[in-house]
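Report on the structure
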Amino acid sequence: MDRALRMAALGRGLTSPNPLVGAVVISPSGAVVGSGYHRRAGEPHAEVYALRAAGPAARGATLFSTLEPCCHTGRTGPCVDRIVEAGIARVVIGVEDPNPQVHGKGIQFLREHGIAVTVGVREAEAARLNLPFFIRVRYGRPFVMMKVALTRDECVAETLGVRSNITAEQATSDVHALRAEFDAVGVGSGTMLIDDPELTVRASPQTRPLTRVIFDSRLRVPCSAAM
Ligand SMILES: [Zn+2]
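Because the structure is predicted, anything quoted here is derived from the model rather than measured. (Residues numbered from 1 in each chain as written. Predicted model: local features only at pLDDT ≥ 70, side-chain atom pairs only at ≥ 80, totals over all residues. Heavy atoms only, no water.)

**A closer look at the domain arrangement of the protein chain**
By the assigned domains, the protein chain splits into domain 1 (2–139) and domain 2 (144–227). Computed from C-alpha coordinates alone, the two centres of domain 1 and domain 2 are separated by 36 Å. Between domain 1 and domain 2, roughly 470 Å² of surface is buried when both sides are summed, and carbon and sulfur atoms account for 44% of that area. When the buried area of domain 1 at its contact with domain 2 is split by residue, G13, L14 and S16 rank highest and sum to 70% of it. Applying the counting rule to domain 1 against domain 2 returns one salt bridge. Across the pair R12 and E181 runs a salt bridge, and its minimum N-O distance is 3.6 Å. (Domains from an automatic or database assignment. Buried area = accessible area lost by both parts, 1.4 Å probe. Salt bridge = Lys/Arg side-chain N within 4 Å of Asp/Glu carboxyl O.)

Here it is as structure tokens:
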């Protein structure tokens with residue numbers, strides 16, 4: 001499961017609105033015969049990549065998946081059908097899918113087809129990996145992270161209303177890496193007027209466009225803003 005979690009993390013920032021998922025197929029003798037991860041919405045799920053890699057070696061093998069395999073037809077077919085067809089004997093799941101279309105139904109389908117299912121291995125890690133996805137599906141609201149740059153004496157600038165660079169290079173690159181995991185970035189109009197940021201993701205392989213949001217109830221931001 002640790003390996004499946006590491007595989008899942010390779011899709012970080014690329015799979016939205018889908019969750020990060022990793023899968024590994026282990027032969028009865030304990031050898032890794034296939035692995036894969038979900039790369040992008042609309043592309044095959046992790047289990048499909050892992051089963052394809054395993055080929056005939058999937059027969060009688062154990063499939064580890066960080067998230068409950070799907071049983072609904074979205075843009076790709078249900079994974080549970082592929083798992084049954086491949087002849088997998090046992091499925092080990094990190095965490096149940098909170099999506100009501102799947103929740104528990106994927107597990108039930110597998111059991112009804114004679115597959116042994118274990119749920120809740122590395123459950124906390126598997127859920128944490130997809131915290132934004134879980135919050136959106138369970139509570140119907142986006143996952144929001146607030147980022148504030150502060151000086152050691154807890155100020156946001158050297159002089160009020162004047163742009164001052166208080167963030168070190170490492171923190172700036174960390175912020176860009178974080179942004180790459182999100183769908184949108186937002187700032188208030190005050191930040192726009194003083195800092196004039198571009199709100200882009202730099203130094204990241206992200207290919208999805210980042211939605212940029214300005215909270216500007218008084219329409220103060222000019223059209224000439226860098227963004
Ligand atoms: Zn699936």
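**With respect to the environment of L129**
You can see L129 is positioned in helix α5 (residues 123–129). Expressed as a C-alpha distance, the spacing of L129 and G87, which sit 42 residues apart in the sequence, is 28 Å. Beyond its immediate chain neighbours, meaning those up to four positions away, L129 contacts L5, A8, A9, R12 and L20. (Helix = DSSP H or I, 4+ residues; strand = E, 2+ residues; numbered from the N terminus. Contact = heavy atoms within 4.5 Å.)

**A word on the side chain of H176**
Tracing the backbone through its elements, the reader meets H176 in helix α7 (residues 169–179). Sequence-distant contacts of H176, that is, excluding residues within four places in its chain, are made with T200, V201 and R202.

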